[in-house]
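In case you want the letters, here they are:
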Amino acid sequence: MTAIAENNKLPKRRTPGRPKKTIRRSDLLMVRLTPTERTLIEGRAKKAGLKPSEWFRRAAKSAKVFPRFTTEESGWFRMLAGLANNLNQLTHLAHVAGLFSLALKCQAMLRQIEELLTKISSHDG
């Protein structure tokens with residue numbers, strides 16, 4: 001019985017090797033950088049006291065990405081480009097046929113352009 005009691009008093013042995021990480025990063029994302037971009041990221045990471053990969057992960061998590069344009073806004077830009085083309089054609093005709101004959105068409109075109117510009121500016125958010 002004394003041998004069993006002595007075995008219970010012995011300290012438990014540690015498991016050999018490095019402890020397992022709580023978060024295992026198994027996926028890899030390759031990013032191509034210019035030498036200038038790499039130097040910039042490494043410098044910022046060093047100032048923050050982080051490794052570049054950890055700094056990059058934190059920056060990616062806090063970054064806000066906005067879509068370029070919605071489909072509605074893209075339609076407005078196409079319409080605006082078409083109106084600009086029509087206005088150029090009207091200007092050319094005004095030079096050929098005389099300014100007074102096309103004044104009403106030009107005013108209507110300018111009103112449409114102003115409406116589109118107000119729609120676009122109100123959606124800038």
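Everything here concerns the structure above.
A quick note: this is a predicted structure, and the numbers were derived from the prediction, not measured. Each chain carries its own residue numbering, running from 1 in the written order of its sequence. Given that the model is predicted, a residue must reach a pLDDT of at least 70 before its local features are reported, and side-chain atom pairs must reach 80 or more before they are shown or counted; all residues, however, enter totals for whole chains, interfaces and linings. Hydrogens are left out, water is left out, and the side-chain values use all remaining heavy atoms of the structure.

A helix here means a DSSP run of H or I that spans at least four residues, while a strand means a run of E at least two residues long, and both kinds are numbered starting from the N terminus. A tally of regular secondary structure across the protein chain gives five helices and zero strands. Mapped in sequence order, the helices and strands of the protein chain form the string α-α-α-α-α. Relative accessibility thresholds used throughout: buried, under 20% of the residue-type maximum; exposed, over 50%; partly exposed, between the two (1.4 Å probe, protein chains only). Considering the protein chain as a whole, with its 125 residues, one finds that 12% of them fall into the buried category. Of the contacts made within the protein chain by residues no fewer than 6 positions apart, 49% connect residues no fewer than 24 positions apart. The accessible surface values rely on the Shrake-Rupley method and a 1.4 Å probe; as for residues, cover is taken only from the protein chains in view. Working note: accessible area of the protein chain is about 12100 Å², and carbon and sulfur atoms make up 58% of it. Two residues qualify as a contact provided that any one of their heavy atoms is within 4.5 Å of a heavy atom in the partner residue.

The salt bridge criterion pairs a side-chain nitrogen of Lys or Arg with a carboxyl oxygen of Asp or Glu, the two atoms within 4 Å. For the coordinates displayed, the defined rule picks out three salt bridges. Two residues, Glu42 and Arg38, come together in a salt bridge whose shortest N-O distance is 2.9 Å. Taken together, the positions of Glu42 and Arg38, both in helix 2 (residues 35-48) and four residues apart, correspond to about one turn of that helix. Relative accessible area serves as the criterion here: at 34%, Glu42 is assigned to the partly exposed category. Residue Arg58 pairs with Glu54 through a salt bridge whose shortest N-O separation is 3.1 Å. Residue Arg58 and its partner Glu54 are located together in helix 3 (residues 52-62), separated by four residues, close to a single helical turn. With relative accessibility at 48%, the residue Arg58 sits in the partly exposed group.

Any two packed helices are characterised by the angle at which their axes cross and by the distance between the axes. Running from amino to carboxyl end, helix 4 (residues 71-97) crosses helix 5 (residues 103-122) at an angle of 155°, the nearest separation of the two axes being 10 Å. Classified by the angle between their axes, helix 4 and helix 5 sit roughly antiparallel to one another. Regarding helix 4 and helix 5, the two cross each other, and that crossing is left-handed. Between helix 4 and helix 5, the residues in contact are Trp76, Phe77, Met79, Leu80, Leu83, Asn86, Leu87 and Leu90 and Lys105, Cys106, Met109, Leu110, Gln112, Ile113, Leu116, Leu117, Lys119 and Ile120, respectively. Gly is put with the polar residues, along with every residue not named as nonpolar or charged; the nonpolar set is Ala, Val, Leu, Ile, Met, Phe, Trp, Tyr, Cys and Pro, and the charged set is Asp, Glu, Lys and Arg. Each residue belonging to the contact of helix 4 with helix 5 can be placed in one class, and the counts come to 14 nonpolar, two polar and two charged. The axes used here are C-alpha line fits, helices contributing only the stretch in contact, and every angle between their N-to-C directions lies in the interval 0 to 180 degrees. Each angle gets one of four labels, with under 35 degrees taken as roughly parallel, over 145 as roughly antiparallel, 65 to 115 as roughly perpendicular, and the rest as oblique. Note on convention: the crossing is left-handed when the near helix lies turned anticlockwise from the far helix by less than a right angle, right-handed when the turn is clockwise.

A separate point is the layout of surface pockets. As a volume, the largest pocket reaches approximately 570 Å³. In terms of lining, the largest pocket is formed by 16 residues, of which the most central are Leu29, Val31, Pro52, Ser53 and Phe56. Of all elements in the fold, only helix 2 and helix 3 reach the threshold of two or more residues within the lining of the largest pocket. Ranked by the residues each element gives to the lining of the largest pocket, the list is headed by helix 3, at five residues. Class assignment for the residues of the lining of the largest pocket results in nine nonpolar, one polar and six charged. Put simply, the grid is 1 Å and covers the protein atoms alone, a cavity is a trapped set of points that fit a 1.4 Å probe, a pocket is an open set with protein on both sides within 12 Å along at least five of seven lines, and lining residues have an atom within 4 Å of a point. Grid points are joined across faces, edges and corners, and a volume is the space filled by probe spheres set on the points. Approximately 170 Å³ is the volume found for the second largest pocket. Lining the second largest pocket, in full, are Lys21, Ile23, Arg24, Arg25, Lys51, Ser53, Glu54 and Arg57.

None of this, on its own, says anything about what the molecule does.
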